[in-house]
Amino acid sequence: MSVYTKNGTVIMENLPSVVSFGTAVGRMEGEGPLGSCFDYVDDSPDFGESTWEKAESRLQQLAFGQALSKGGLSESDIDFMFAGDLLNQCAASGYGMRDNGVSFFGLYGACSTMAESLALAAIFADNGIGQYTAAVTSSHFCSAERQFRFPENYGGQRTPTSQWTATASGCAILGAHYEAPYIKAVTVGNITDMGIKDANNMGAAMAPAAYATLKCHFAAAHSSPADYDLILTGDLGYVGSELLRDLFLQDGITLGDSYNDCGLMLFDREKQDVHAGGSGCGCSAAVLCGHILPRMRKGELRNVLFTATGALMSTTLVQQGESIPAIAHCVHITASDGR
Amino acid sequence: MDDYLVYLWAFLAGGALCAIGQLLIDLTSMTPARILVTYVVSGVLLGAVGVYEPFAEFAGAGATVPLTGFGHALAKGVREAVERDGLIGCLTGGLEACAGGITAAVLSGLLAALIFTRGDKTAKLTG
Amino acid sequence: MKLTKNEYGRLAKLRSPNSKIYRNVPMAFLVGGLICVVGQVLTELYKAAGAEEELAGTLTSVSLVALSAVLTGMGLYSRLAKYAGAGTLVPITGFANAVVSPALEFRTEGYVPGVGAKIFTIAGPVIVYGLAASAVYGVILFIAQMSGAV
């Protein structure tokens, strides 16, 4: 059985395997630095659907389908699914997954949802609850824009701290201990709010949450940043990653080259006009499932601390003058078999 | 006034009003919607105190095309209606003066929704 | 966390890049100025065609609104706005863009709950506060006239 230590950290007993993973992304993501890593790239943002919401549902189905086929699995093999997206009522997941007959949990953790779903799937898999559990999240630039910001064709200027919602989805399927990569531990973060009110500066709102969760994880796992090949935050962007480095520096800890951020990896900030970087719960999902997990399977990376961060913001509450609560969850993925 | 000067003043006045708007966006945390509201209300105010009319005569479209011009037109319409019809002019004058622009915008919106397929904002970033 | 909220706020501000004012303001000036020049050209044309001053002004507004609607529908207005900022926001073409873009965006939710209900989501406040201010001005003007001050 998984062991709860402290600080929200659960250590896996059996090291469940990430059995398979799949991704589907839009054109801009396909043209980014990681473009060649993704299983499916569609040049058309509508993914053959008539609305952006349906397009995002389709995107999620595509990622799930890729993960199934790459793992030689079918829908009936999946016992549980943890799915999430950015839309109100988790609509992309609910509508996208309505026909597959898999027991379904809908999650909302904003851009942290991939780590949240992965953590829960890992706990299920580690304790033998069901044979296979899927974790899938998505985001779509157009469906997010119309819900959170402005219409497509509205003429507005984005601020330099704003981030670009990725049109992307990633799916990981977890099962009993079999082959690398494995989930070793998860740390469930608590909600952190350092008073940032600017909805165009999510990175700044989320960096303290990433810091807090990472600190908890290091304390519970008796580890330090040096123990990981890669500490990967999900969607802090340029501003948030700089701030995270600052926060650790105050403790005398330097996050060196082994630190990176999904929002900075998915897009090329020089060539693609994404301002502070990518965001959206499809961003970290696609980077993890398209780039990181394959490298771990090949043995290029051995210990990765996947820390997706989310701004639990509501446009209504921001208009009411509230600051932005943020969360981060941490998943330690390892290629080492040592239980 | 020389023929070409009208265009020069329209450019300078209109450009200056937009530049002020940009400064407000970049230096304060004002959202575009707040800036537009500020511009319209300022236009009403400047029209009411009689400053905008001479400015508009001088700057032409440079004064009437920016949203302060919209406010000025509202004020002018209300003034004329109050002088003509009394108190009820407060309610009728504004829309009367701006009916063309507003109705044109609404109809354009409806027509555009009928005609155009939706844009792809991601296209411009990569092309 | 060793920092207080205030200290963190200051640090966040320090790490957040500022808007490029040196580039944005001249662009806003240039594009906004040019839109006004187009307006002036249209006004002169309507006047040359025999329209009176006031009618020429209305025709100019209507023409600019229509032009902006076409550019918005083609997705060109937002591309220009990315560089022009307030230069495309402040002229009446920006008002038209604020009306047309939600009409286009929310068509998928139907013509009544989508287009009809959402068409003024962005531009509504301009009309609300413009009309309110003008009505207040009208009342003041009326009282002033009654009391013989004007």
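Computed from a predicted structure; not experimentally measured.

A. The overall build of chain A, seen in detail. Of regular secondary structure, chain A possesses 10 helices and 14 strands. Taken over the C-alpha trace, chain A has a radius of gyration of 18 Å; the compact-globule value for 339 residues is 20 Å, and the two agree within 12%. Each of the three principal axes of chain A carries a C-alpha extent, and together these read 55 × 50 × 35 Å. For chain A, buried positions account for 60% of its 339 residues.

B. Here's a closer look at the overall build of chain B. Helix and strand counts for chain B stand at 7 helices and 0 strands. Listing the helices and strands of chain B from first to last along the sequence gives α-α-α-α-α-α-α. Every one of the 127 residues in chain B was classed for burial, and the buried ones make up 55%. Here the contacts in chain B between residues at least 6 apart in sequence split such that 58% fall between residues at least 24 apart.

C. Broad picture of the pairing of strand β4 (residues 78-84) of chain A. All names here are of chain A. Of all 7 residues making up β4, 6 are buried, and the element is well covered by its neighbours. When β4 meets strand β6 (residues 132-139), the two strands line up parallel, connected through 6 bridges. Bridging from a neighbouring strand, A83 pairs with V136 of β6. Across 5 bridges, β4 lies against strand β5 (residues 103-107) in parallel orientation. Looking across to β5, one finds that F82 is bridged to F105. Once you follow β4 into helix α3 (residues 91-96) and on to β5, the crossover reads as right-handed.

D. Spatial organisation of the interface of chain B and chain C. Chain B puts 65 residues into the contact, and the matching count from chain C is 61 residues. Elements with a minimum of two residues in the side of chain B that touches chain C: α1 (3-27), α2 (32-48), α4 (61-64), α5 (67-85) and α6 (89-115) of chain B. Per-element tally for the side of chain B that touches chain C: the top contributor is α6 of chain B, with 18 residues. When the residues that make up the side of chain B that touches chain C are grouped by side-chain class, the tally is 43 nonpolar, 17 polar and 5 charged.

E. Looking closely at the domain arrangement of chain A. All names here are of chain A. Domain boundaries assigned for chain A yield domain 1 (17-175) and domain 2 (182-334). Inter-centroid distance (C-alpha atoms) of domain 1 to domain 2 is 18 Å. Listed by partner, the interface residues are 48 residues for domain 1 and 51 residues for domain 2. When residues in the side of domain 1 that touches domain 2 are grouped by element, the largest group, 7 residues, is from helix α4 (residues 113-126). Residues belonging to the side of domain 1 that touches domain 2 are distributed by class as follows: 25 nonpolar, 19 polar and 4 charged.

F. Structural view of the packing of helix α7 (residues 237-249) of chain A against helix α1 (residues 5-15) of chain C. Between α7 of chain A and α1 of chain C, the shortest axis-to-axis distance is 9 Å and the interhelical angle comes to 130°. Classified by the angle their axes make, α7 of chain A and α1 of chain C are oblique. Of the two elements, α7 of chain A crosses α1 of chain C, and the hand of that crossing is right-handed. Together, V239, E242, L243 and D246 of chain A of α7 of chain A and L11, A12 and R15 of chain C of α1 of chain C make up the contact between the two elements.

G. Examining α4 of chain A more closely. All names here are of chain A. The end-to-end C-alpha distance of α4, which contains 14 residues, comes to 20 Å, matching closely the 20 Å that a straight helix rising 1.5 Å per residue would cover. Counting buried positions over the 14 residues of α4 gives 14, a clear majority of the element. Once α4 finishes, G128 follows within two positions and takes phi at roughly 70°, a positive value.

H. Expanded view of the nonpolar core. Within the largest apolar cluster, 117 residues are counted, with the highest numbers of intra-cluster contacts made by A122, A134, C171, A172 and L174 of chain A. If you tally residues by element for this core, the top one is helix α6 (residues 202-221) of chain A, at 12 residues. Here this core spans two domains, and each of domain 1 (17-175) and domain 2 (182-334) of chain A adds at least three residues to it. Residues M27, L42, A103 and L104 of chain C belong to the second largest nonpolar core, which totals 82 residues.

I. Up close: the environment of I119 of chain C. Residue and element names in this part refer to chain C. Following the sequence through the fold, I119 ends up in the loop between α7 (111-118) and α8 (124-146). Exposure remark for I119: the 23 C-beta atoms within 10 Å place this residue in the buried category. Distance from I119 to S101, taken between C-alpha atoms, is 8.0 Å for residues 18 residues apart in sequence.

J. Region of the structure containing the pairing of strand β13 (residues 303-311) of chain A. Residue and element names in this part refer to chain A. Along β13, 8 of the 9 residues are buried, which leaves the element largely enclosed by surrounding structure. Pairing of strand β10 (residues 230-234) with β13 involves 5 bridges; the strand directions are parallel. The partner of I231 across the bridge, within β13, is L305. The sheet contact formed by β13 and strand β14 (residues 326-334) spans 9 bridges and is antiparallel. Residue L305 lies in a different strand from β14, and its bridge partner there is H332.

Reading guide: rules and limits
All residue numbers refer to position in the chain's written sequence, counted from 1. Written order decides the labels, with chains lettered from A and ligands numbered from 1. The predicted nature of this model means local features are confined to residues of pLDDT at least 70 and side-chain atom pairs, given and counted, to a pLDDT of 80 or more, with totals for whole chains, interfaces and linings taken over all residues. Under the scheme used here, helices are H or I runs from DSSP no shorter than 4 residues and strands are E runs no shorter than 2 residues, and both carry numbers assigned from the N terminus. Computation of the radius of gyration draws on C-alpha atoms alone. For the globule rule, the value is 2.2 Å times the number of residues to the power 0.38. Whether a residue is buried, exposed or partly exposed follows from its count of other C-beta atoms within 10 Å of its own C-beta, namely 20 or more, 12 or fewer, or something in between, respectively; the C-beta atoms are built from the backbone. C-beta atoms are first placed from the backbone for all residues, and any pair lying within 7 Å is then listed as a contact. When DSSP finds two or more bridges between a pair of strands, those strands are recorded as paired. Here the term right-handed applies to a crossover when the path leading from its first strand over the helix to its second strand runs clockwise, the strands being oriented away from the viewer. Gly counts as polar in this scheme, as do all residues outside two lists: the nonpolar Ala, Val, Leu, Ile, Met, Phe, Trp, Tyr, Cys and Pro, and the charged Asp, Glu, Lys and Arg. All the domain ranges listed were derived from an automatic or database domain assignment. Helix axes are fitted to C-alpha atoms over the stretch in contact, other axes to C-alpha atoms as well, and angles between N-to-C directions run from 0 to 180 degrees. Here roughly perpendicular refers to angles of 65 to 115 degrees, roughly parallel to angles under 35, roughly antiparallel to angles over 145, and oblique to all remaining angles. By definition, turning the near helix anticlockwise from the far helix through less than a right angle yields a left-handed crossing, and turning it clockwise yields a right-handed one. Here a helix's expected span is defined as the number of its residues, less one, multiplied by 1.5 Å. Buried Ala, Val, Leu, Ile, Met, Phe, Trp, Tyr and Cys residues whose C-beta atoms connect them within 7 Å together make up a nonpolar core.

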